[in-house]
Protein chains: 2
Amino acid sequence: MTRQLSLNAFLHDTGHHEASWRHPDSAIDRIHDIDFDTENARIAEEAKLDAIFFADAPGLWGATPFRPAGHLEPITRLAAIAARTERIGLIATASTTFYDPYNLARLFSSLDTISKGRAGWNIVTTQSEAVARNFSLSELPSASERYVRAQEFIDVVTKLWDSWEDDAILADRESGRFFDQEKVHAIHHVGNHFQIEGPLSQPRSPQGRPVYVQAGSSNDGRAFAGRNAEAIFTAHQTIEDAQAFYADIKSRAVAFGRSPEDVKILPGISPFVADTRAEAEELQRYVNSLTVPAYGIAQLEGLAGVSLAHLELDEPVPVEVFGQAGDVLDNSRSRLQVIANIVERDRPTLRGLLHRLAGARGHNVVAGTPTEVADIITEWFQNGAADGFNVMPPLYPQLLQEFTQKVVPILQDRGLFRTEYTGSTLRDHFGLARPESLYGADANEEAHVV
Amino acid sequence: MTRQLSLNAFLHDTGHHEASWRHPDSAIDRIHDIDFDTENARIAEEAKLDAIFFADAPGLWGATPFRPAGHLEPITRLAAIAARTERIGLIATASTTFYDPYNLARLFSSLDTISKGRAGWNIVTTQSEAVARNFSLSELPSASERYVRAQEFIDVVTKLWDSWEDDAILADRESGRFFDQEKVHAIHHVGNHFQIEGPLSQPRSPQGRPVYVQAGSSNDGRAFAGRNAEAIFTAHQTIEDAQAFYADIKSRAVAFGRSPEDVKILPGISPFVADTRAEAEELQRYVNSLTVPAYGIAQLEGLAGVSLAHLELDEPVPVEVFGQAGDVLDNSRSRLQVIANIVERDRPTLRGLLHRLAGARGHNVVAGTPTEVADIITEWFQNGAADGFNVMPPLYPQLLQEFTQKVVPILQDRGLFRTEYTGSTLRDHFGLARPESLYGADANEEAHVV
């Protein structure tokens, strides 16, 4: 069979465009309503998408009065959505810096069991001083410290997910034995950050381990991704940048002894889709016109660490303003590098730059006909830039529907995307193997007497 | 209107009797299946019960191969159930010793919003050394240390739940203002255990605050309950014990400036219901016969801290074996006191005692006709022993159905229990007021600029 695309719908408030909520048809009164989430999830499921996804931070990170703020906790949201969907994957973001591994292992294992094998964990380290102050920390640990903790965290979580062998439950009414003690293992983890005895409080989940997803594109993030991630959400404006990232991550994975197919790379794409290109561009222009420039400028100033007060909205942005972005050291820097590249390449006005960023915070915003959008996806997919896409509709549900009803059928006609689900788990959808437990016949000395 | 009973269904594996899973009609293959949970929840909802409830510990506390073990995490379970029910309350246990307050505040606030106002939090401090070792602790903090932390924990959680005023969201497309900064408050909490800046990452939930539930009956637990709890799950074998507890808690609540009606006291009742008493008793005898004595003895030895190896199964238990229970200092002690009272009062054989405890771990197990069970409930309710009951069916769903289909109608005929829900939230069901936010017009100096 032809290599198949993965398509993930990134659910986000009324849509990924920062001003989408001001659109007269936006669902701004429903962003905290699980029924709205469910409707979007079902649209994605009807189109046979791989998964839906929620970003997250345990705090009001980057909130301003000019945008929707205050989203619900994503694992609970996905558990509720799981109860009303059948096949679509369910990916939640959660932070290794601000969770306990035992609690988090339980939450994702439960989500995986509740959904009958559809859970994925987007692993983040949460780069926010404001969030640190919600967890009794006076300052945020450095990026490298956070990634060291993150690695130990996922090692612990993996051991916990594996701590019940798949056939540990006997449920033998006759003998009165519910489980086999030899197949439920303490993990005896002793590390620098965590000392965790285990086993997990519940049996192994349908996928064995929920899918490991990651989104960091810093150096630390790429190393972490090459070692651990099975799917990566990433942001690129051009196919060349995406190809370079794609090649880098695949080679890092190989260096860790993994196969390139073990890591699915999914760049963001935020499509304004309409029957004609003029309509698509008109919609984009209209939504851009709803932005609040003062908000966009404040965001940009925060990211760049410089004042932009001296710039005129309708004059080109001087290249040197973002020239100091330098090495890609952390996620802000890598996002800043994307912006510096836009400024250098396209020389936009400040207003033009704000509109570019308003679409999807540095992700690739496109406006065009269904065929044009499908062409971009096909080109990236067939030329070493993507294994699929993290679809970020500017306006929910309308522009998700345009995508699923008009773009997806073209991709299906080209043989690049499924017309029916062929499996039942997120691992099935992504084409990822179900991992064996670390514990098994060879590790019986670890057996735990509970 | 006549004072109304509260009835809560405590969901637990195949049922509360420890051997229920060996019954040929048990759902032992479905205890990790959310569809089974949902079916039980819907039975309770059809009967207009106030709530369903899950116990919890973040570890395999008390697991043995002879009983079902490894339940799923309860908040995610209830989020899924919320999506498939409309009215019934949803109460999850979570530990103040092993959670971060910010994460927990988010999870319950989300559950409350997802369920449109049906969440309750059963607050526990988790008395388990084994669990402590899942959280990088070499030993469990003492009961008094755990309760000091618990008080600060719920103070933080309460502030976080209140940190967005109810009318903080503007969603004003015209002005571009989504929320009112003056109505979203930092909490600036600085305490011995936690330093939490806030605000919560999401708006105030439908109930303002999920319902505070508590189950500890130790001295520390009673003091905590009198101050904080809005509903209490408790275990008593006799109406006299229940009356004493009831009076004690109500007076403690009054001492904290609360009204006696602000605290609902719900003893456990585990009913074997059948059309005749002989049938009910025969079912109880049959399920008792499925117990594994070695398991029950081990549990009892662990609780009492003494060996029972010298006792004969079919000889009366000497009174002095449990005579050293002494003061009620913690939950194990108070449970042990219940057992000591049974031994002294009823002089059971060891096998008889094990059967008594097998039913519901010290809760009141009754076997009788629907009218007999309704009579017990009515007597306790009308004589200062209970505001309602935590119903613990020995076998799910069969004995929940017997209760809802046969006992509940009798209570309804007596005018003691609703025939339709009169409100939509758990607070409505329990007759509890919706709390105002701590922050408001009088506290504007706390306003947080995000």
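Computed from a predicted structure; not experimentally measured. (Residues numbered from 1 in each chain as written. Chains lettered and ligands numbered in written order. Predicted model: local features only at pLDDT ≥ 70, side-chain atom pairs only at ≥ 80, totals over all residues. Heavy atoms only, no water.)

Observations regarding the overall build of chain A
- Helix and strand content of chain A: 14 helices and 13 strands.
- Over its C-alpha trace chain A gives a radius of gyration of 22 Å, about what one expects of a compact globule, namely 22 Å for 450 residues.
- Put simply, chain A has 450 residues, and 62% of those count as buried.
- Restricting to contacts in chain A with at least 6 residues of sequence separation, those with at least 24 account for 79%.
- As presented, chain A carries roughly 16000 Å² of accessible surface, and 48% of it is formed by carbon and sulfur atoms.
- Counting 41 positive and 62 negative side-chain charges, chain A places the centres of these two groups 1 Å from one another. (Helix = DSSP H or I, 4+ residues; strand = E, 2+ residues; numbered from the N terminus. Rg over C-alpha atoms; globule rule 2.2 N^0.38 Å. Buried < 20%, exposed > 50% of the residue type's maximum accessible area, 1.4 Å probe, protein only. Contact = heavy atoms within 4.5 Å. Areas by Shrake-Rupley, 256 points an atom, 1.4 Å probe, with all protein chains shown as cover. Lys, Arg positive; Asp, Glu negative; His and termini not counted. Charge placed at Lys NZ, Arg CZ, Asp CG, Glu CD.)

What about unusual backbone geometry?
- A cis amide bond links G198(A) to the next residue, P199(A), at an omega of -5 degrees.
- Tracing the backbone shows P199(A) in the loop between strand 8 (195-196) and strand 9 (211-214).
- The omega torsion across Y396(B) and P397(B) is -5 degrees, close enough to zero to call that bond cis.
- Secondary-structure assignment places P397(B) in the loop between strand 13 (388-391) and helix 13 (398-413).
- For H188(A), which is not glycine, the phi dihedral falls at a positive 50 degrees.
- Take H188(A): it is sitting in the loop between strand 6 (177-179) and strand 7 (189-190).
- For K48(B), which is not glycine, the phi dihedral falls at a positive 65 degrees.
- Inspection of the secondary structure puts K48(B) in the loop between helix 1 (34-46) and strand 2 (51-54).
- Judged by its relative accessible area of 18%, K48(B) falls in the buried class.

Some points on helix 12 (residues 370-382) of chain B
All names here are of chain B.
- Taking 1.5 Å of rise per residue, 13 residues should cover 18 Å, and helix 12 covers 18 Å from first to last C-alpha, within 8% of that figure.
- Looking at the packing, one finds that the buried side of helix 12 touches helix 7 (239-255), strand 11 (264-273), strand 12 (364-368), strand 13 and helix 13.
- Two residues or fewer past helix 12, G384 is found with a positive phi of approximately 65 degrees. (Expected span 1.5 Å × (residues − 1).)

Topic: the packing of helix 3 (residues 101-114) of chain A against helix 2 (residues 74-82) of chain B
- In the contact formed by helix 3 of chain A and helix 2 of chain B, the axes pass within 8 Å of each other and the chain directions differ by 35 degrees. Like other packed secondary-structure pairs, helix 3 of chain A and helix 2 of chain B cross with a definite hand, here right-handed. From helix 3 of chain A, R106(A), L107(A), S110(A) and I114(A) reach across to helix 2 of chain B, where they touch P74(B), T76(B), R77(B) and A80(B).
- Here the residues of the contact of helix 3 of chain A with helix 2 of chain B are counted per class, giving four nonpolar, two polar and two charged. (Axes fitted to C-alpha atoms, helices over the stretch in contact; angles between N-to-C directions. Left-handed = near helix turned anticlockwise from the far one by under 90°. Nonpolar A, V, L, I, M, F, W, Y, C, P; charged D, E, K, R; others polar.)

Quick notes on the pairing of strand 13 of chain B
Residue and element names in this part refer to chain B.
- Sheet analysis places strand 1 (residues 6-10) next to strand 13, joined by four bridges and oriented parallel. Paired with S6 across the two strands is G388, which belongs to strand 13.
- The pairing of strand 11 with strand 13 spans two bridges and is classified as parallel. When the sheet's bridge partners are listed, G268 is paired in strand 13 with N390. (Pairing = 2+ DSSP bridges.)

Observations regarding the UniProt feature "binding site: FMN" (unreviewed entry) in chain A
- UniProt records the feature "binding site: FMN" (unreviewed entry) for D56(A), T93(A), Y147(A), S217(A) and S218(A) in the present numbering.
- Relative to the elements of secondary structure, D56(A) occurs in the loop between strand 2 (51-54) and helix 2 (74-82).
- When residues no more than four places from it in sequence are discounted, the contact partners of D56(A) are H71(A), L72(A), P74(A), T93(A) and R106(B).
- Here H71(A) takes part through its side chain, which lies 3.0 Å from a polar atom of the side chain of D56(A).
- Locating S217(A) in the fold gives a position in the loop between strand 9 and helix 6 (219-228). (UniProt positions renumbered as here; feature names shortened; annotations may be inferred. Polar contact = N/O pair within 3.5 Å; in protein donor to acceptor, adjacent residues only side chain to side chain.)

Examining the relation of the copies chain B and chain A
- Expressed as a screw operation, the relation of chain B to chain A combines 0.0 Å of axial shift with a rotation of 180 degrees, fitting to an RMSD of 0.0 Å. Here the transformation between the copies is reduced to the relation of a two-fold axis. Among all residues of chain B, the minimum C-alpha distance to the rotation axis is found for A80(B), at 2.0 Å.
- Taken together, the interface assignments show that 100% of the residues at the interface of chain B recur at the interface of chain A, consistent with an identical surface on both copies. (Least-squares fit on C-alpha atoms with pLDDT ≥ 70 in both.)

A word on the packing of helix 6 of chain A against helix 7 (residues 239-255) of chain A
All names here are of chain A.
- In the contact formed by helix 6 and helix 7, the axes pass within 8 Å of each other and the chain directions differ by 50 degrees. The angle between the axes of helix 6 and helix 7 places the two elements in the oblique class. Crossing hand, helix 6 versus helix 7: right-handed. Judged by residue contacts, N219, R222, A223, A225 and G226 of helix 6 engage F245, D248, I249, R252 and A253 from helix 7.
- Considering only residue class, the contact of helix 6 with helix 7 consists of five nonpolar, two polar and three charged. (Parallel < 35°, antiparallel > 145°, perpendicular 65-115°, else oblique.)

A short note on the environment of R204(B)
Residue and element names in this part refer to chain B.
- Positionally, R204 belongs in the loop between strand 8 (195-196) and strand 9 (211-214).
- On the basis of relative accessibility, which here comes to 10%, the residue R204 falls in the buried class.
- Considered as a pair, R204 and D167 are 37 residues apart in the sequence and their alpha carbons are 9.0 Å apart.
- With near-sequence residues (within four places) excluded, R204 lies in contact with W161, D162, W164, D166, R209, R434, P435, E436 and S437.
- A polar side-chain atom of R204 sits 3.1 Å from a polar atom in the side chain of D166.

A few points about the environment of I114(A)
- Structurally, the position occupied by I114(A) is in helix 3.
- Here I114(A) falls in the buried class, since its relative accessible area comes to 3%.
- As a C-alpha pair, I114(A) and A79(A) span 35 residues in sequence and 7.0 Å in three-dimensional space.
- Apart from the residues lying within four places of it in its own chain, the contact partners of I114(A) are A79(A), A82(A), I34(B), L72(B), T76(B), R77(B) and A80(B).

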